Amino acid sequence: METIDKKFYLVREDVLPEAMKKTLDVKEMLERGKAESIADAVQKVDLSRSAFYKYRDTVFPFSSIKKEKLVSLFFHLEDRSGTLSNLLGVVAHSGCNIVTLHQTIPLQGRANVTLSLNTSNMTMEIDELLKELRKLEFVEKVEVLGTGV
């Protein structure tokens, strides 16, 4: 699921379903080392593992929005001359800094590229960047693998 293409809303905690609140509690416990595993954390807050996995990538504390500086993107590209250069040009134009880049050997005219981007100096919203990248005729697929600090 590409969460970056979805709309986001700021919602008060008291209107969130209990499972979402508990998911946030589990994520915090894991981040702070208050639980040894997901199984341990969900047991402590009385939440099913399936509910945790359902909501873990869809609910975030407001404070985490400011911390997000890294975005990892996965691309499925046509193997053509200049493809990677053009892709990187769009990324550079957005103000992102490339932290890591991994490209597979092209097979059957296709290659996979994974980019980790520092977005702290970005001059556009991430969804705008994704739209620009998807417009490139050689880009067959773009997925957000994850975000972090």
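See the structure shown above.
These figures come from a predicted structure and were not determined experimentally. (Residues numbered from 1 in each chain as written. Predicted model: local features only at pLDDT ≥ 70, side-chain atom pairs only at ≥ 80, totals over all residues. Heavy atoms only, no water.)

Caption draft 1: Main features of the pairing of strand β2 (residues 97-103). Pairing between β2 and strand β3 (residues 110-118): six bridges, direction antiparallel. If you follow T100 over to β3, its bridge partner there is S116. The hairpin formed by β2 and β3 contains six residues between the paired strands, and Q108 there has a positive phi angle of roughly 50°. (Pairing = 2+ DSSP bridges. Helix = DSSP H or I, 4+ residues; strand = E, 2+ residues; numbered from the N terminus.)

Caption draft 2: Structural context of unusual backbone geometry. Phi is positive for D46, which is not a glycine, with a value near 60°. Tracing the backbone through its elements, the reader meets D46 in the loop between α2 (38-45) and α3 (49-55). A positive phi angle, close to 50°, is found at Q108, a residue other than glycine. The residue Q108 is located in the loop between β2 and β3 in this model.

Caption draft 3: Just the packing of aromatic side chains, in detail. Under the counting rule described, the total for this entry stands at one aromatic pair. Each ring, one from F52 and one from Y53, has its centre 5.5 Å from the other, and the planes form 70°; the classification is edge-to-face. (Phe/Tyr/Trp six-rings, centres within 6.5 Å; stacked < 30°, edge-to-face > 60°.)

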